[in-house]
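# Architecture and fold: a report
Spelled out, the chains give:
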Amino acid sequence: MWLGIHKLNTETFSLLKTARSEDGYVFNVYFIKVASSVINIISDVVSLFICVLIICSKYSQLLKQGTMKMILFRKFRVLILMVFLIACSMHIMIDLLPKLERRSNSGCSCSHKPSEDPQNWAKHRARSGVESGWPNKHTLRILQDFSNEPNSNISSHSLEKNPKAGNKTEVFKRLEHYAQNGDKKRRFIQDTVVTKNIPVKSSRLLALFDHPLFKRAVPSLTDEDTLFNVNTDIRFDPNAATENQEWHAEGNMEEYTPTGGELTADSYPNWLRFHIGINRYELYSRHNLVIDALLRDLVSQRITSVAMKSGGTQLKLIMTFQNYGQALFKPMKQTREQETPPDFFYFSDFERHNAEIAAFHLDRILDFRRVPPVAGRLLNMTKEIKDMTRDKKLWKTFFISPANNICFYGECSYYCSTEHALCGKPDQIEGSLAAFLPDLALAKRKTWRNPWRRSYHKRKKAEWEVDPDYCEEVKQTPPYDSGTRLLDIMDMTIFDFLMGNMDRHHYETFEKFGNESFIIHLDNGRGFGKHSHDEVSILVPLSQCCRVKKSTHLRLQLLAKEEYQLSDLMSESLLRDKLIPILIQPHLEAMDRRLRHTLNVLADCIEKEGYSNVVEDDLAGERKGAQMHTLPRGR
């Protein structure tokens, strides 16, 4: 009988452990502990009374004697109460002893000391499970297998539900209070790293940005040239950024109470100020201080929500911050020294988080400014990913590896399995965070197929790979037959070749600006894969068309000079990131080598067709206004 009750108690606790509310949250660990204690006490009392009934039934003949009646009905009642109190006290002590033990050993508040080995860390994790969200009664075996629990396999949407549109005013008021009071707990990147390694007086990066080529003025902006018009009756609502997406910010954000006053553009959070600054000619201005502040936000802002991004071949996470900003997280998959294996196709290569970071800095040095801000960040996989997600499909893929490291793998087309799991050391993982562009509901973007898109097939080749006159056909096709689009494709080609990125199948533009706008350089994770090999096929668009902007050509020549060497500028710029080093020296040297090869290709084009037929003077076009936008593209 006792074994049956104990089995029932164990099964009940197991059900409570895996139970979930309608919102998808696992019941609170403290509630589970209290429920377990109550169930244990009840089972003990029930078993005690059953034993009493068994004794009474066996010695029923003795109950007729007056002495036995007195014992059963007087002294035995006191004995039952004492046993009950002892059982309660023992269960309470069992629950309190781990907490008392943690308090006595709490000399350090960190969860893992560098001197500890993985086994000691696993034991410490088991003792402090309540504080970190892991049930402390789980064994390592249960943690490794909890992705197979029946309740974890409930069919659910991978991404989170859309919020209701009725709370737009409330959320905006919270943002207004945030903008006026600021985030007092924000931690900024220390500038000592930069100043220690790079003396301001000898900074090549500052000297580059002080060069006349980097001081060209943007044409005067009209309402048609800006993505958003601030001085209108339309007020920016941070909650609107989630209305038409398949995910939303969680409800566990800190509440902000409005204090009154009008919200000005200067008091917006940095991610919103970045959105407001987008115009027809640039994603952000050259010396915009908001970009540096936004990079600090990506590193320091508290994460309040995590969800998997739909689509794509590899795992990406959408992260929402305390100030309602959002970013795309790409976790670390390879070390800095690992190169793409020679037998890998370009479409099956890993996406590297450090490539996203380096691409942003390279784009800035080339003065394209077409890559959204990206920063590296070290995350706690338990507190900042697992505990912050309501995505069941993501949550159930967490497990502990044989080395006692916390791992997860999510869901995607490639490399999302136990064999390709992302593991922390023991629970820390680094990755890149790319700031989101404005939501499509506020600023629609148009996706274009790259004319020089690869076949993405193991045997077939694309048309441009077999037709040397392919560019002549492209130049007759809108929007490449007029405007600056073809020249922007050449800029993107040079940008990709310097990184070694072969995965440029599509590109995007803002729909409001029509065909007269820049190309957004998104998704650069497959760059910087091989420093020992230069993929010259990436430069085929440039060698076939033999067209380039004068400003781009002059900047490339400038970056080839010793005093403005590209590798030195990249090395200095990347020191600003938290995850230094971002690139190893061979990758930096490879960029110098590829830059020289690009200039050689342009020199051959100029020798063959003449300078005026190859280099288009966009500098003169700026002085003449928008004349270049109306001229047909001829040769």
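Located above this text is the structure these notes cover.
This write-up is about the structure you can find in this document.

What counts as what
- Think of each chain on its own: its residues are numbered from 1, step by step along the sequence as written.
- In keeping with the predicted nature of the model, local features appear solely for residues at pLDDT of at least 70, side-chain atom pairs appear and are counted solely at 80 or more, and the whole-chain, interface and lining totals rest on all residues.
- Side-chain measures were taken over the full set of non-hydrogen atoms in the model, leaving aside hydrogen atoms and water.
- Secondary structure elements are defined from DSSP: runs of H or I of at least 4 residues count as helices, runs of E of at least 2 residues count as strands, and each element is numbered from the N terminus.
- Three exposure classes are used, based on accessible area relative to the maximum for each residue type with a 1.4 Å probe and protein chains only: buried under 20%, partly exposed in between, and exposed over 50%.
- Pairs of residues are marked as contacts when any of their non-hydrogen atoms sit within 4.5 Å.
- Calculation of accessible area relied on Shrake-Rupley with a 1.4 Å probe; when residues are assessed, cover is drawn exclusively from the protein chains displayed.
- Only the six-membered ring of Trp is used, alongside the rings of Phe and Tyr, when aromatic pairs are assigned; centres must lie within 6.5 Å, and planes under 30 degrees apart are stacked while those over 60 apart are edge-to-face, with the rest tilted.
- Between N-to-C directions, angles cover 0 to 180 degrees, with each direction set by a line fitted to C-alpha atoms, over the stretch in contact for helices.
- The labels follow the angle: roughly parallel below 35 degrees, roughly antiparallel above 145, roughly perpendicular from 65 to 115, and oblique for the rest.
- Whether a crossing is left-handed or right-handed is set by the direction in which the near helix is turned from the far one by less than a right angle, anticlockwise for left-handed and clockwise for right-handed.
- Each residue gets one of three labels, nonpolar for Ala, Val, Leu, Ile, Met, Phe, Trp, Tyr, Cys and Pro, charged for Asp, Glu, Lys and Arg, and polar for the others, Gly among them.
- Criterion for a disulfide: a pair of cysteine sulfur atoms at a distance within 2.5 Å.
- Here the nonpolar core consists of buried residues drawn from Ala, Val, Leu, Ile, Met, Phe, Trp, Tyr and Cys, with membership extended through side-chain atoms lying within 4.5 Å.

### Notes on the overall build of the chain
Within the chain, the secondary structure is distributed over 23 helices and 12 strands. Within the span of the chain, comprising 635 residues, buried residues form 50% of the whole. Counting only contacts in the chain whose residues sit at least 6 apart along the sequence, the fraction spanning at least 24 positions is 77%. Carbon and sulfur atoms form 56% of the exposed surface of the chain, whose accessible area is close to 32000 Å².

### A word on the packing of aromatic side chains
By the definition in use, this model includes 10 aromatic pairs. When the centroid spacing of 4.9 Å and the interplanar angle of 15° are considered together, the rings of phenylalanine 398 and phenylalanine 408 count as stacked. With phenylalanine 398 in the loop between α14 (392-395) and β5 (399-400) and phenylalanine 408 in strand β6 (residues 406-408), the pair connects residues that are 10 residues apart, well separated along the chain. For the residue pair phenylalanine 398 and phenylalanine 408, the accessibility class agrees, reading buried in each case. Following the ring pairs from residue to residue traces out a cluster consisting of Phe344, Phe350 and Tyr415.

### Regarding the packing of helix α19 (residues 550-559) against helix α21 (residues 585-609)
Orientation of α19 relative to α21, taken along the N-to-C sense of each, is 135°, at an axis distance of 10 Å. By the angle between their axes, α19 is oblique relative to α21. Seen along the crossing, α19 lies across α21 with a hand that is left-handed. Of α21, the residues touching α19 (which contributes His553, Leu556, Gln557 and Leu559) are Leu595, Thr598, Leu599, Leu602 and Ile606. When its residues are assigned to classes, the contact of α19 with α21 shows 6 nonpolar, 3 polar and no charged.

### Some words on the environment of tyrosine 611
Mapping tyrosine 611 onto the fold places it in helix α22 (residues 611-614). A relative accessible area of 41% means that tyrosine 611 is categorised as partly exposed. Through-space distance from the C-alpha of tyrosine 611 to that of arginine 547 is 9.8 Å; in sequence the pair is 64 residues apart. Contacts of tyrosine 611, omitting those with residues within four sequence positions, involve Lys550, His553 and Ile606.

### A few points about the state of the cysteines
Applying the stated rule across the entire model yields 4 disulfides. Paired through a disulfide, cysteine 407 and cysteine 423 show a sulfur-sulfur distance of 2.0 Å. Taking the torsion about the sulfur-sulfur bond, which here is approximately 110°, the covalent link between cysteine 407 and cysteine 423 counts as right-handed. You can see cysteine 407 sitting in strand β6 and its partner cysteine 423 sitting in strand β7 (residues 422-423), a full 16 residues away along the chain. Paired through a disulfide, cysteine 412 and cysteine 416 show a sulfur-sulfur distance of 1.9 Å. The sign of the 110° torsion about the S-S bond sets the cysteine 412-cysteine 416 disulfide as right-handed.

### Structural notes on the nonpolar core
Counting 108 residues, the largest nonpolar core has Leu317, Leu362, Trp452 and Met570 as the members making the most contacts within it. Not counting residues within four places of it along the chain, the set of residues in contact with methionine 570 comprises Ala358, His361, Leu362, Ile365, Leu583, Leu588 and Met591.

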